[in-house]
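Here is how the chains run, residue by residue.
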Amino acid sequence: MPLVGMGTSSYPPTNMEKAKSAIVEAIKVGYRHFDTAFVYGSEEHLAKAIAEALSLGLIKSRDELFITTKLFATFAHRDLVVPAIKMSLRKLELEYVDMYIIHWPFKLSKDVKSLPVERELIEALDIKSVWEGMEECKRLGLTRDIGVSNFTCQMLHHLLSIAKIHPALNQVEMSPIWQQKKLREFCNEKGIHITAYSPLGAFGTQWGDNSVIECDVLQEIANSKGKTTAQIALRWVYEQGVSLVAKSYNKERMRTNLDIFDWSLTHEESHKIAQIPQRKTVTFASILGPHDLVLDIDQQL
Ligand SMILES: NC(=O)C1=CN([C@@H]2O[C@H](COP(=O)(O)OP(=O)(O)OC[C@H]3O[C@@H](n4cnc5c(N)ncnc54)[C@H](OP(=O)(O)O)[C@@H]3O)[C@@H](O)[C@H]2O)C=CC1
Ligand SMILES: O=C[C@H](O)[C@@H](O)[C@@H](O)[C@H](O)C(=O)O
């Protein structure tokens, strides 16, 4: 799995032409790992970009790419998982994905048409039955591997007690502002890889803020090293031994975001970053509404 991937959740939503050319550009500058989801509406963008990259000879085969997509919460039911991945594969125009993950730690009613939602449309996730559906996806060869996203330590504990196939990874918010020490320790111990999402604090989106990109400590380090603040944040995440997905559809920013491999942070710089006051940026309460079940999960994530 290439350790730095390109996210495709854009705000405001990007149209097909712009998204497709941004993804083709990303392949040109070296991205080989793409993160999509049914709910982003970007699976079709990726399909068209892959076709164009193949026709331009930027890649010889789809196998050169690592593609993750996600089971949305309205399909979090044993019998809906295989149909859901098949629908994603149709949109992606692929025969398999590299990673299929449970997107949100809730089940949403099929009546959900927009967000936020009424409390009665949200249920706790039935981890055992949904994971059986995920395992079936892997057995059928529809995905190379399976994992989860936004799972708390408690949920992982439960999952590990019933899983026949070990969850490969947990994709969670992680950045210098939300370092996830406890969850990382737990996952390390259990052999679950972490992928960091919103490593730039989802700057400029509806679900993010400026807490990473305008963080004083990161800006100071960036100035002294001749790097961008984003590069310092991404390099710090990378140095924690996790993979990450960062989104940019801007030519220059997607290039610099990938340019984090041939330099490093000093002990002193890492120490300063470790001291940054912690605050979670992306919350389910802001996406789904401040319901008891949602607030409870936010607190553990
Ligand atoms: N599993 C889950 O629940 C979640 C998964 N994700 C996944 O993770 C990916 C990344 O997270 P995301 O929430 O997009 O947030 P990121 O932290 O990747 O930030 C993306 C935002 O930052 C801007 N940006 C990118 N690079 C720079 C830069 N160098 N300097 C300044 N601004 C920059 C982008 O704008 P521009 O494009 O204009 O550069 C965009 O608005 C998502 O796209 C999605 O694939 C995200 C949230 C939740
Ligand atoms: O309304 C907000 C959006 O759903 C946003 O939160 C997601 O698209 C996010 O990137 C995710 O993966 O959960």
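Just so you know, these numbers come straight off a predicted model, no measurement behind them. (Residues numbered from 1 in each chain as written. Chains lettered and ligands numbered in written order. Predicted model: local features only at pLDDT ≥ 70, side-chain atom pairs only at ≥ 80, totals over all residues. Heavy atoms only, no water.)

Check the secondary structure of the protein and you find 12 helices and 10 strands. Taking 19 Å as the expected radius of gyration for a compact globule of 301 residues, we find that the protein reaches 19 Å, a close match to that expectation. Its C-alpha atoms give the protein principal-axis dimensions of about 55 × 50 × 35 Å. Classification of the 301 residues of the protein by burial places 54% in the buried group. (Helix = DSSP H or I, 4+ residues; strand = E, 2+ residues; numbered from the N terminus. Rg over C-alpha atoms; globule rule 2.2 N^0.38 Å. Buried < 20%, exposed > 50% of the residue type's maximum accessible area, 1.4 Å probe, protein only.)

In terms of burial, strand S3 (residues 66-71) is a largely internal element, six of the six residues being buried. In terms of strand pairing, strand S2 (residues 33-35) meets S3 through three bridges, oriented parallel. Residue pairing across strands places Phe34 opposite Ile67, the latter belonging to S3. What joins S2 to S3 is helix H2 (residues 43-55), and the crossover it makes is right-handed. Where S3 lies against strand S4 (residues 97-102), four bridges are found, and the strand directions are parallel. Each bridged residue has a counterpart across the sheet, and for Thr68 the counterpart in S4 is Met99. You can see the chain leave S3, run along helix H3 (residues 81-92) and come back into S4, and the turn it takes is right-handed. (Pairing = 2+ DSSP bridges. Right-handed = clockwise from strand over helix to strand, strands pointing away.)

Looking now at the site of ligand 2. All residues adjacent to ligand 2 are Ser9, Tyr40, His103, Trp104, Trp207 and Ile287. Within the side chain of His103, an N or O atom sits 2.7 Å from an oxygen atom of ligand 2. One of the side-chain nitrogen or oxygen atoms of Trp104 is found 2.9 Å away from an oxygen atom of ligand 2. Here the residues of the shell around ligand 2 are counted per class, giving four nonpolar, two polar and no charged. (Near = heavy atom within 4 Å. Polar contact = N/O pair within 3.5 Å; in protein donor to acceptor, adjacent residues only side chain to side chain. Nonpolar A, V, L, I, M, F, W, Y, C, P; charged D, E, K, R; others polar.)

The residues that UniProt annotates with the feature "active site" (unreviewed entry) are Tyr40. Structurally, Tyr40 is set in the loop between S2 and H2. Look past the residues within four positions of Tyr40 in its chain and what remains in contact with it is Thr8, Ser9, Asp35, Lys70 and His103. (UniProt positions renumbered as here; feature names shortened; annotations may be inferred. Contact = heavy atoms within 4.5 Å.)

Here we take up the side chain of Ser149. Relative to the helices and strands, Ser149 resides in strand S7 (residues 143-149). When its relative accessible area of 1% is taken as the criterion, Ser149 is described as buried. Among the polar contacts listed, one links the side chain of Ser149 to the side chain of Asn150, at a separation of 3.2 Å. Beyond its immediate chain neighbours, meaning those up to four positions away, Ser149 contacts Ile101, Ile102, His103, Pro105, Asn170, Gln171 and Tyr197.

Let us now look at the site of ligand 1. As a matter of local geometry, ligand 1 sits amid 30 residues, with Asp35, Leu200, Phe203, Lys247 and Ser248 nearest to it. Here His103 contributes a side-chain N or O atom positioned 3.4 Å from an oxygen atom of ligand 1. The separation between a nitrogen atom of ligand 1 and a polar side-chain atom of Gln171 is 2.9 Å. Burial of ligand 1 by the surrounding chains reaches 90%, relative to a free accessible area of 890 Å². Among the elements of the structure, strand S10 (243-246) and helix H9 (251-258) are those that each provide at least two residues to the shell around ligand 1. (Areas by Shrake-Rupley, 256 points an atom, 1.4 Å probe, with all protein chains shown as cover.)

The description of an aromatic ring pair uses the distance of the two centres, along with the angle that the planes make with each other. Under the definition given, this model contains six aromatic pairs. Relative to Trp104, the ring of Phe72 has its centre 5.0 Å away and its plane inclined at 65°; by these criteria the two rings are edge-to-face. Of the two residues, Phe72 is situated in the loop between S3 and H3 and Trp104 in the loop between S4 and strand S5 (106-108); the sequence distance between them amounts to 32 residues. Trp104 shares its class with Phe72; the two are buried. A centroid spacing of 5.3 Å and a plane angle of 80° characterise the contact between Phe106 and Phe284, whose relative ring orientation is edge-to-face. Taken as a pair, Phe106 in strand S5 and Phe284 in helix H11 (residues 284-288) lie far apart in primary sequence, 178 residues in all. (Phe/Tyr/Trp six-rings, centres within 6.5 Å; stacked < 30°, edge-to-face > 60°.)

The next thing to look at is the packing of helix H1 (residues 16-29) against H2. For the pair H1 and H2, the least separation of the axes is 8 Å and the interaxial angle reads 50°. Between H1 and H2, the angle falls in the class oblique. Two packed elements cross with a definite hand, and for H1 against H2 that hand is right-handed. Along its contact with H1, which presents Met16, Ala19, Lys20, Ile23, Val24 and Ile27, the element H2 presents Glu44, His45, Leu46, Lys48, Ala49, Glu52 and Ala53. (Axes fitted to C-alpha atoms, helices over the stretch in contact; angles between N-to-C directions. Parallel < 35°, antiparallel > 145°, perpendicular 65-115°, else oblique. Left-handed = near helix turned anticlockwise from the far one by under 90°.)

On to the environment of Ala26. Positionally, Ala26 belongs in helix H1. Between the alpha carbons of Ala26 and Lys272 there is a distance of 32 Å; along the sequence they are 246 residues apart. Every residue in contact with Ala26, bar those within four places of it in the chain, is listed here: Met6, Tyr31, Phe34 and Met254.

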